Amino acid sequence: TSRIFVQGMKLEHIGIAVENLKEAELLFEKLLGVASYKRENVESEGVTTSFFDCGNVKIELLAATDKSSPIATFVSKKGPGLHHLAFESKDIKSDLKDRKEKGFTLIHEEAKDGADNKKISFLHPKSTMGVLTEFCQEKEE
Ligand code: ZN
């Protein structure tokens, strides 16, 4: 049997869906021992995000800013909680093409603008054993 020793994609952040951003920030501040370092609106997704730096990984809190937001749907169905894992991509276009060819379902065929100066795209959880998976790549400029 062969084992894989090459390094996989780096976990960039963990997304957590919340109902009330202020409340969630206070709780995660207590939990993690650091304050949120950035709040950012992502209008295309209808969310406000808030980021915590945990050294090797970030925590991204996501709160819906309107009822049609995917986060609003998620929270009303499942309550607040773990929402997605985001892996750092060096070439998001080719990663998306590659995963599609391997049978994963893309929610976004093309990467789009996300929070934190990133291009982002999601793979559908029905093709990833229930784990909503984001690929993200730092924007060039
Ligand atoms: Zn994310």
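Not measured: the values here are computed from a predicted model.

(A) How the structure looks around the nonpolar core. In this structure, I14, I16, V18, L21, A24, F28, F52, V57, I59, L61 and A63 together form the largest nonpolar core, which totals 11 residues. Elements supplying a minimum of two residues to this core: β1 (11-18), α1 (21-32) and β4 (58-64). Other than its neighbours up to four places away in sequence, F28 contacts I16, G33, V34, F52 and L61. Among the nonpolar cores identified, the runner-up in size contains 9 residues, and V42, L62, F74 and A115 belong to it.

(B) Up close: the coordination of the zinc ion. Taken together, the protein ligands of the zinc ion are H13 (NE2), E60 (OE), H84 (NE2) and E134 (OE), with distances of 2.1 to 2.2 Å. Classification of the site at the zinc ion as irregular follows from its 4 donor atoms and the range of 85 to 168 degrees in their angles at the metal. Judged by relative accessible area, E60 falls into the buried class, the value being 6%.

(C) The arrangement of the environment of E43 in detail. Residue placement: E43 occurs in the loop between β2 (38-42) and β3 (47-53). Sequence separation between E43 and L27 is 16 residues; the distance between their C-alpha atoms is 25 Å.

(D) Broad picture of the side chain of E12. Here E12 is to be found in strand β1. The class of E12 is buried, set by a relative accessible area of 5%. Here H13 takes part through its side chain, which lies 2.8 Å from a polar atom of the side chain of E12. Reaching out from E12, the side chain makes a polar contact with the side chain of K58 at a distance of 2.8 Å.

(E) Structural view of the pattern of salt bridges. All chains considered together, the criterion is met by 18 salt bridges. Residue K112 pairs with E45 through a salt bridge whose shortest N-O separation is 2.3 Å. With K112 in strand β6 (residues 112-113) and E45 in the loop between β2 and β3, the pair connects residues that are 67 residues apart, well separated along the chain. K112 gets classed as partly exposed once you look at its relative accessible area, which sits at 21%. In this structure, E88 engages K90 in a salt bridge whose closest nitrogen and oxygen atoms are separated by 3.3 Å. For E88, a relative accessible area of 25% translates into the label partly exposed. On the basis of relative accessible area, K90 is assigned to the exposed category, the value being 68%. When salt bridges that share partners are traced, they join E12, K38, E40, K58, D116, K118 and E138 into one network.

Cut-off values and rules
- Think of each chain on its own: its residues are numbered from 1, step by step along the sequence as written.
- Owing to the predicted nature of the model, reporting of local features is limited to residues with pLDDT of at least 70; listing and counting of side-chain atom pairs is limited to 80 or more, with chain, interface and lining totals taken over all residues.
- Side-chain numbers here rest on the full set of heavy atoms in the structure, without hydrogens or water.
- To define a nonpolar core, start from buried Ala, Val, Leu, Ile, Met, Phe, Trp, Tyr and Cys residues and group those joined through side-chain atoms within 4.5 Å.
- Exposure categories follow from relative accessible area, calculated using a 1.4 Å probe and restricted to protein chains: below 20% of the type maximum is buried, above 50% is exposed, and the middle band is partly exposed.
- The way it works is that DSSP assigns letters per residue, a run of H or I at least four long becomes a helix, a run of E at least two long becomes a strand, and they are numbered from the N terminus.
- Every residue pair with non-hydrogen atoms within 4.5 Å of one another is taken to be in contact.
- Any N, O or S atom lying within 2.8 Å of the metal counts as a donor, with the limit raised to 3.2 Å for Na, K and Ca; because water is left out of the atom set, some sites can appear incomplete.
- The rule is simple: four donors are tetrahedral if all their angles sit between 85 and 135 degrees, four are square planar and six octahedral if opposite donors span more than 155 degrees and the others lie between 65 and 115, and anything that fits none of that is irregular.
- Polar contacts here mean pairs of N or O atoms no more than 3.5 Å apart (in protein, one a potential hydrogen donor and the other a potential acceptor; neighbouring residues in sequence count only if both atoms are side-chain atoms).
- The rule for a salt bridge is simple: a side-chain nitrogen of Lys or Arg has to be within 4 Å of a carboxyl oxygen of Asp or Glu.

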